Every structure is written in structure tokens, then in C-alpha cells.
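Structural characterization, general
As a plain string of letters, each chain reads:
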Amino acid sequence: MRYLLRGGLLMGETPADILVEEGKIKKIGNVSEGADEVIDIQGRFVLPGLVDPHAHAREPGQEHKETLDSLSEAAVRGGYTHVAVMPNTSPPIDTPELVRSILRRAEGLAVHIHVIGALTKGRKGGELVEVGLMKEAGVIALSDDGDWVTDASVMFNALTYAAYFNLPIITHAEVPELAGGFAHYDPITLKYGMKFRLSLAEELAVYRDGRLAQIAEAHLHVAHVSAAETLEIIRSLKNKGVKITAEVTPHHLLFSTERIPLHDPLFRVNPPIRSEKDRLALIDALKEGIIDFVATDHAPHSLYEKEAPISEAAAGIEGLETAFSALFTHLVKTGEISLKDLVRWMATEPGHFMGVSTAIEVGKEANLVVFDQDARWVPSEKDLASAGKNNPFLGKELCGRVILTFAKGKPVYQRR
Ligand code: DOR
Ligand code: ZN
């Protein structure tokens, strides 16, 4: 099968047709050959398929929130071609057999699925998983995401094994004693008498894990950084040559306590949305390279779990379908960052982290997205393929929209 994408703008700049044959990019430039299907994309941006290193597919065990199928559909709608799924499932993905079964389940899906294995058995923070066997089964990293590994000796042990097997460990950095509530601590939330998750919880956790990684010479990756103070710690460890990387979510980049309805359970997420000062520091940290890339932390929940008083609602924000448009609207269109940077942080860099090459080049499998940079749309529930509808961008106008996604060499989403 031959597909011709005619008239696109490669990386939003260079006019080029793209010919895809038997799943691979055959030609880029002026293509005169015919094709079985010619898709006219006049003047639209052609970008590498996006890579999400942190999403929750909820399989096995919580299929009422999401399945690998619904996650895959959500991903390709948002322009993602590679997604790594977290192991805080039921049961947790803590054995090589479970890793293999998820990878097998994912073979027929539109999107490439990568698996992050649990770090400890049952995610209980005690006994380590079989690190070498997990790697052999295909995990790209290990993490007890959702919870911090409180026992420092367990974390140190994990880091030494992970260093040996050359696997990153992803830390959900929140010391639980300082993260018992649900809100950022600042004068605004204090006024409303909310229960807190302090920035210090993140700062302390990153310091401990970063120092342990330094000693073990392991690669530590910090999930969803949210606080300005944490950035100082990451910067200092990076300056010392520690192998530490970090990610930030679209919601921490775009929302702050000054900008959201504080009691709305939709915005309940761990770590919490913090102050405007934190938000601006996160954007600067991306630009400076202290934060390496963007991850959605796509965390779908069902309505009944989310539509509850904030103190009882599930924590998490859904967002694969809207992540790129939201950041394009609020950071690229405003001139804060460039399109190139956004692509680097949402494809190239997370790709490096996951061992995925994202460059659009002749000979490679076609994983790419066509983005209508001039489209305007107001996302509604029907635009979400995810089973979770807990997306804070619903009802708010966005600029730019994914209109076509090629993944695994095929067109897997086309907006008609
Ligand atoms: O808010 C969150 N929800 N943070 C996490 O780390 C886990 C996630 C989930 O699994 O729902
Ligand atoms: Zn997560």
C-alpha cells in the first residue's frame, strides 16, 4: 500500500510531499509518483509522532476507567504514536509474565505501547521486582508511580540493580507525611481551609532519590515535577553530573492556584496544581534544560470517581487528546516557546528516554502527525476517545488540531 501526503510543511517550515510505502517513508520532497491513496494536506504542519512517557491505561483490573484500546484511540487522536503505560494497575504490573501479556495485548493496537514495570512487588514498597527479568520481558523503566518508595534502603537497592541493568527508575516524588491532603499550600488555599500536599514533599523526595542515584550511578527520572524549589535540586544534581532527568505535565505548565476553581475536583491531581510562581518556573526550567520533556500523566477516571467533593474525588487528569493543542495554544501561539521546542519536548526527548527514534526520515516506519495549525475547536466529551472524561480543557477554545496520525506505518486516525 502506498500513501502520498501531498503539500505539507515539514516541521511547520519546509514544503514537502511524503510518500509512505509498505509502512515505511519512501520519499520526502517533490514526489511525482502515484499512490493508492493521495491525502491532500496543503500547508498543514507535518510533525514527528508524539511520544508520551507517562500514561495510565488501567489494564489489568480497572477497565471501567480505561482500556489499552481506548487509550490507544485517545493517543492517536492527540497525535501520539508511542505511549508508555504505568504499572499502578490491579494487580500491578510487577512480573515478567504480566509485562509480556500487556505487550502482547498491545500488538494489534494503533499506537506503540511501552511498558513501565513496577519497582516493588505489589507496589508495596518492600520487596524488589526481578529487575533483570523485567528488563528481559521488555520494560523501559521501573516505577511505583502513584506512591513514593518510602524505604530508602529499598530505593537504593533498586537503583543499584537498575544501574547494572541499565534501566531508568522513575520516582513519584512526594514524601507521604507531607502529602496527606490534596491542595498546594499557599495563602490562597490556606484561606479556603484545604488539606495540603506541600512542595517540600517533592523537594525532599527528589533530594533523597537524586543523591541515592548519584551514589549508585543510576539513572533517576523524576515524574511530574510541580514545584519551583525542586528545580534547584535537579539543577544542582545535573551540574554535578548525576544522571537525573525530569518531566512536566501540560496541567502543571498551564494551570495554577491563581487560575483554577480551587474546589473543582476536576483539578485534583498528584502532585497538585501549584502557584503561578511555580508554573512560570516550570516553563523556564524546560527552556533551560533542567526539565527534559513533557509527559501527560494521562490519568482517566470514571465520572462517579471524579464527581465527588474534592476531598473524596480521585486524583488525576485525562489528556492525551488535548495535550499538544493545549500547549500549542497557550505557549507556542503566545510566543512563549517555539514549535520546534514543543516538538523536541513532546517527541524527540521523550523518544530518547524511551529508546525511540522520532525523526521523519526515508527508510523509517511512518510515525507522524499532520497538524492543522489554523484550526480552532472547543473540545467536548465526544472528542475524547478515552473512557475518562476528566479533561480540564473541555469547553475551552484551543488553536490547532491533529487531523491525521500515521502510527506503525499506517493512517490510524483521520479527522473527517
Ligand atoms: O493524580 C495522579 N493520578 N497522580 C498519580 O501519580 C497517579 C495518577 C493515577 O493513577 O490516577
Ligand atoms: Zn502517573
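Since the model is a prediction, treat every value here as computed from it, not as a measurement.

Attention shifts here to the coordination of the zinc ion (ligand 2). Protein-derived coordination of the zinc ion (ligand 2) comes from His 54 (NE2), His 56 (NE2), Asp 145 (OD) and Asp 297 (OD), at a distance range of 2.0 to 2.3 Å. In primary sequence terms, the donor set of the zinc ion (ligand 2) follows H-x1-H-x88-D-x151-D. Taken together, the residues span a long stretch of sequence, with His 54 in strand β6 (residues 50-55) and Asp 297 in the loop between β13 (293-294) and α10 (303-306) at a distance of 243 residues. Note on Asp 297: relative accessible area 6%, which makes it buried.

Each aromatic ring pair is described using two quantities: the centre-to-centre distance and the angle formed by the ring planes. On inspection of all chains with the given rule, the structure shows 9 aromatic pairs. Put simply, the rings of Phe 255, Phe 267 and Phe 393 touch in pairs and so form one group of aromatic residues. Geometry around Trp 377 places Arg 401 over its ring, the cationic atom sitting 3.9 Å from the centre.

Now for helix α4 (residues 152-164). The periodicity of an α-helix, 3.6 residues per turn, causes residues three or four positions apart to be oriented the same way. Over its 13 residues, α4 runs 18 Å from end to end, which matches the ideal 18 Å to within 8%, given 1.5 Å per residue. Tucked into the core, α4 has its buried residues touching α3 (131-137), β10 (169-171), α6 (199-216) and β11 (220-222). Of the residues flanking the end of α4, it is Asn 166, one or two places downstream, whose phi is positive at about 60°.

Attention now moves to the packing of helix α7 (residues 228-239) against helix α9 (residues 276-288). One can describe the packing of α7 onto α9 by two numbers: an axis separation of 8 Å at closest approach and a directional angle of 25°. Comparing their axes, α9 and α7 come out roughly parallel. On the side of α7, the interface is formed by Ala 228, Glu 229, Leu 231 and Arg 235, while α9 contributes Lys 277, Asp 278, Ala 281, Leu 282, Ala 285 and Glu 288.

With respect to spatial proximity, 14 residues lie near ligand 1, and among them Arg 58, Asn 88, His 172, Asn 270 and Ala 315 are the closest. Arg 58 has a polar side-chain atom sitting 2.8 Å from an oxygen atom of ligand 1. Contact distances for ligand 1 include 2.8 Å between an oxygen atom and a backbone N or O atom of Asn 270. Here the residues of the shell around ligand 1 are counted per class, giving 3 nonpolar, 8 polar and 3 charged.

On to the environment of Leu 103. Mapped onto the elements of the fold, Leu 103 is located in helix α2 (residues 96-106). Overall, Leu 103 belongs to the partly exposed group, its relative accessible area being 24%. Considered as a pair, Leu 103 and Val 115 are 12 residues apart in the sequence and their alpha carbons are 7.3 Å apart. In contact with Leu 103, not counting residues within four places along its chain, are Ile 113, Val 115, Ala 137 and Gly 138.

Below, the discussion takes up the sheet that holds strand β12 (residues 244-248). Spatially, β6-β7-β8-β9-β10-β11-β12-β13 is the arrangement adopted by the 8 strands of the open sheet, whose pairing is parallel. Looking at the sheet topology across the chains shown, the edges are occupied by β6 and β13. Strand contacts of helix α12 (residues 339-354): β6, β7 (80-85), β8 (112-117), β10, β11, β12 and β13, with the helix running at about 60° to β6, the strand carrying the most contacts.

Among the 10 residues that make up helix α1 (residues 68-77), 7 are buried, leaving the element largely enclosed by the rest of the structure. When we look at burial in α1, the residues that qualify are Leu 68, Ser 70, Leu 71, Ser 72, Ala 74, Ala 75 and Val 76. Taken together, the buried residues of α1 touch β6, β7, α2, β8, β15 (398-407) and β16 (410-414). Of the residues trailing α1, Gly 79 is marked for its positive phi of about 90°.

Analysis parameters
Residues numbered from 1 in each chain as written. Chains lettered and ligands numbered in written order. Predicted model: local features only at pLDDT ≥ 70, side-chain atom pairs only at ≥ 80, totals over all residues. Heavy atoms only, no water. Donors = N, O, S within 2.8 Å, 3.2 Å for Na, K, Ca; no water. Helix = DSSP H or I, 4+ residues; strand = E, 2+ residues; numbered from the N terminus. Buried < 20%, exposed > 50% of the residue type's maximum accessible area, 1.4 Å probe, protein only. Phe/Tyr/Trp six-rings, centres within 6.5 Å; stacked < 30°, edge-to-face > 60°. Lys NZ or Arg CZ within 6 Å of the ring centre and 35° of its normal. Expected span 1.5 Å × (residues − 1). Contact = heavy atoms within 4.5 Å. Axes fitted to C-alpha atoms, helices over the stretch in contact; angles between N-to-C directions. Parallel < 35°, antiparallel > 145°, perpendicular 65-115°, else oblique. Near = heavy atom within 4 Å. Polar contact = N/O pair within 3.5 Å; in protein donor to acceptor, adjacent residues only side chain to side chain. Nonpolar A, V, L, I, M, F, W, Y, C, P; charged D, E, K, R; others polar. Pairing = 2+ DSSP bridges.

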